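Structural characterization, general
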Amino acid sequence: MSYEVKHAALLKWVHETAELTQPDAIHWCDGSQAEYDQLMAQMVEIGMATALKKRPNSFLFRSDPSDVARVEARTFISTTNKADAGPTNNWIAPDLLKATMTDLYWGCMKGRTMYVIPFSMGPLDSPIAAIGVELSDSPYVVCNMRIMTRMGKTVIEKLGDTGRFFPAVHSIGSPCDDTTINQVWPCAEIDHKYISHFPEEGLIWSYGSGYGGNALLGKKCLALRIASATGKREGWMAEHMLILRLTNPAGRQYHIAAAFPSACGKTNLAMITPTIPGWKAECIGDDIAWMKPGPDGRLYAINPEAGFFGVAPGTSYATNPMAMETMKENSIFTNTALTDDGDVWWEGIDGAPPAHVIDWKGRDWTPASKDLAAHANSRFTAPATQCPIIARDWENPLGVPIDIFIFGGRRASVVPLVTESFNWDHGVFMGATAASETTAANIGAVGNLRRDPFAMMPFCGYNMGDYFQHWFDMGDTLGSNAPKVFYVNWFRKNTAGKWLWPGYGENSRVLKWMCERLDGTAGAVETPIGFVPTEADIDLNGLDWPIDRLQEVLKVDAPAWLPEVPDIAKFFSQFGDRLPARLTAQLDALAARLKAS
Ligand code: SAT
Ligand code: MN
């Protein structure tokens, strides 16, 4: 141990976990560059990582082909009463789940090192931040956690003798023995994977996967599932939201927090390069926002993370130049392809496909190959500080005051480009009824439409009906300081399957309209679903895009909306008496407006 630990409860828990999992050694991470370099060198040595010649201090990993995304079907919210986990979460009683997992954990780290990873979600001195400690037998997890969180010795110092921390146990679920010694990405079979949360205790137990949100436990497990349940109890919010600052030509700042499901463009919007002259965007976070009411009654947000774990495919200088700059060095790539000259490659990156690469499964690939070279959920892990447009004060411990909330998803039809809610309750209704086509970020079918309220369906650590009520309660607390709420859909298509909106940097035109609505300077028409701009209300200067598509993307088609009503009613019905009456009232009002139109 390169530092002294005086926290008795922490020491006891580390000791007990080691007794159970039987690692060969325990390594307390200090978070130093030397430690990171040494772990990477070890992983290169055993063939788990490839150093990239073209990117300083950057490495490529290939996971087991079965272990490539979050596994919602194996994710559990374990509360004493099933009703407290709610109908949208998998539930197993805590006693039973702990017994099953204790059997799995027994001896599971044999032949491996158990790393103690102390981390802070949020700047160490922030009143909104929280500390976690992850115990993991994966050096890949250690290196990712060093980028994604503030990790190491300083966190132990901050904890002192008795500080509060969230304990999180992680094992890849594959002891090192004769059969596994040559596996570069050992993991457990799908039926043995468990991503378990005990929100009443603030405890996380993960077993069997080494990938992304299954293994980097600060992210979805702590910062969303456990934190959302904690926030409900304590009167704050943990949301699946990017945080972005826009500054208009007059220097007025607007802070926007936006929730979209995984792999729906949060990272792109968080790092937007506005195409409208004079407007500046700065990134504060790309995935998670922790928000508390401040002394002035406004809602203040911090990004609890320190890095980006972004989807690689589709990222390019054309779609997200800032992300491309961010991952130039000191980055980790997982399941992308490898070029012959030692760089990463993926579908949708700039330029023509190379004549030959090694694909994410380690096989030769040419443009004639029928498979994708990079997995659709391949990822980059890169430090937030390397983002050219990271806000200078992104680590302000007090956070930034949120002016605008945006909800949305991927919808090929029905939902217009942008809608402004009538009021807070209507905004909560918009968030609660958000729907999106599924993506490769979860193991499962892609492209199916599902309701994903507040983009929190896979991440809400308690009954979603109670979560909806929490949104109403927060609105009541914030009163006139509550952010204005909008709903967007960048993904609408025409019947010929063509995009109706160019997206990416052009989305700044929509953001500008929102800011002007806040200031009362832009127009809109009232429709049954909310306030919607006409082409005349949005700044379209310099946009080269067919006018008929613009008209179509803004269109509110009442007959097409009508079937949404029974679909929402059916979705709501699963929450039974936990569904807030204010949501039912909103649905009734929508139905009445649609019928009257
Ligand atoms: O794998 S993660 O959960 O970290 C990424 C995502 O699904 O958004
Ligand atoms: Mn996410």
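If you're wondering where the values come from, they're calculated on a predicted model, not measured in any experiment. (Residues numbered from 1 in each chain as written. Chains lettered and ligands numbered in written order. Predicted model: local features only at pLDDT ≥ 70, side-chain atom pairs only at ≥ 80, totals over all residues. Heavy atoms only, no water.)

Turning to the pattern of salt bridges, a few remarks are in order. The tally for this structure, following the rule as stated, stands at 32 salt bridges. In this structure, the salt-bridge partner of Lys54 is Asp341, at a minimum N-O distance of 3.4 Å. Residue Lys54 is found in the loop between strand S2 (49-51) and strand S3 (59-61), and its partner Asp341 is found in the loop between strand S19 (337-339) and strand S20 (344-345); the two are separated by 287 residues along the sequence. The exposure class assigned to Asp341 is partly exposed, which follows from its relative accessible area of 41%. Across the pair Glu506 and Arg509 runs a salt bridge whose closest N-O atoms are separated by 2.8 Å. Here the two residues Glu506 and Arg509 agree in accessibility, since each one is buried. Sharing partners across several salt bridges, the network here consists of Lys219, Lys220, Lys266, Asp287 and Glu305. (Salt bridge = Lys/Arg side-chain N within 4 Å of Asp/Glu carboxyl O. Helix = DSSP H or I, 4+ residues; strand = E, 2+ residues; numbered from the N terminus. Buried < 20%, exposed > 50% of the residue type's maximum accessible area, 1.4 Å probe, protein only.)

Time to look at the environment of Gly278. Summarising the element assignment, Gly278 is placed in the loop between helix H9 (266-270) and strand S14 (280-285). Judged by relative accessible area, which is 54%, Gly278 ranks as exposed. Residues Gly278 and Ala250, spaced 28 residues apart in sequence, show a C-alpha to C-alpha distance of 8.6 Å. When sequence neighbours within four positions are dropped, the list of residues in contact with Gly278 reads Thr247, Asn248 and Pro249. (Contact = heavy atoms within 4.5 Å.)

This part takes up the packing of aromatic side chains. Centre distance and the angle of the planes are the two values used to describe a pair of aromatic rings. Under the criterion given, the structure shown has 32 aromatic pairs. On the basis of an interplanar angle of 65° and a centroid distance of 6.4 Å, the ring pair of Tyr211 and Phe309 is categorised as edge-to-face. Highlighted residues: Tyr211 in the loop between strand S10 (203-207) and helix H7 (212-215) and Phe309 in strand S17 (residues 307-311), separated in sequence by 98 residues. Of the aromatic side chains, those joined through ring pairs into one cluster are Phe405, Phe407, Trp424, Phe429, Phe454, Tyr462, Tyr467, Phe468, Trp471, Phe571, Phe572 and Phe575. The ring of Phe491 carries Arg410 above its face, with NZ or CZ at 4.3 Å from the centroid. (Phe/Tyr/Trp six-rings, centres within 6.5 Å; stacked < 30°, edge-to-face > 60°. Lys NZ or Arg CZ within 6 Å of the ring centre and 35° of its normal.)

Take the sheet that holds strand S24 (residues 400-401) next. Taken in spatial order, the 4 strands line up as S11-S15-S16-S24 in an open sheet, and their pairing is antiparallel. Either end of the sheet is taken by a strand with one partner, and the two such strands are strand S11 (237-239) and S24. In the sheet, strand S15 (residues 289-293) pairs with strand S16 (residues 299-302) via 4 bridges, with the strands oriented antiparallel. Considered in S16, the bridge of Pro293 is made with Leu299. Its contacts with the sheet place helix H8 (residues 218-234) against S11 and S15, and it is angled at close to 145° to S11. Of the strands in this sheet, S11, S15 and S16 touch helix H12 (residues 464-478), which is tilted by about 125° from S11. (Pairing = 2+ DSSP bridges. Axes fitted to C-alpha atoms, helices over the stretch in contact; angles between N-to-C directions.)

This part is about the sheet that holds S17. Strand order in the open sheet formed by 5 strands is S2-S3-S18-S23-S17, with mixed pairing between adjacent strands. The sheet terminates laterally at S2 and S17, the two strands that pair on one side only. Taken pair by pair, the neighbouring strands of this sheet meet at an average axis angle of 20°, ignoring direction. Relative to strand S23 (residues 379-383), S17 is paired through 5 bridges, and the arrangement is antiparallel. Bridge pairing links Phe308 to Ala382 in S23.

On to the coordination of the manganese ion (ligand 2), then. Only Lys220 (NZ), His240 (NE2) and Asp287 (OD) from the protein reach the manganese ion (ligand 2) as donors, at distances of 2.0 to 2.2 Å. Between the donor residues of the manganese ion (ligand 2), the gaps in sequence give the motif K-x19-H-x46-D. With His240 in the loop between S11 and strand S12 (241-247) and Asp287 in the loop between S14 and S15, the pair connects residues that are 47 residues apart, well separated along the chain. Asp287 shares its class with His240; the two are buried. (Donors = N, O, S within 2.8 Å, 3.2 Å for Na, K, Ca; no water.)

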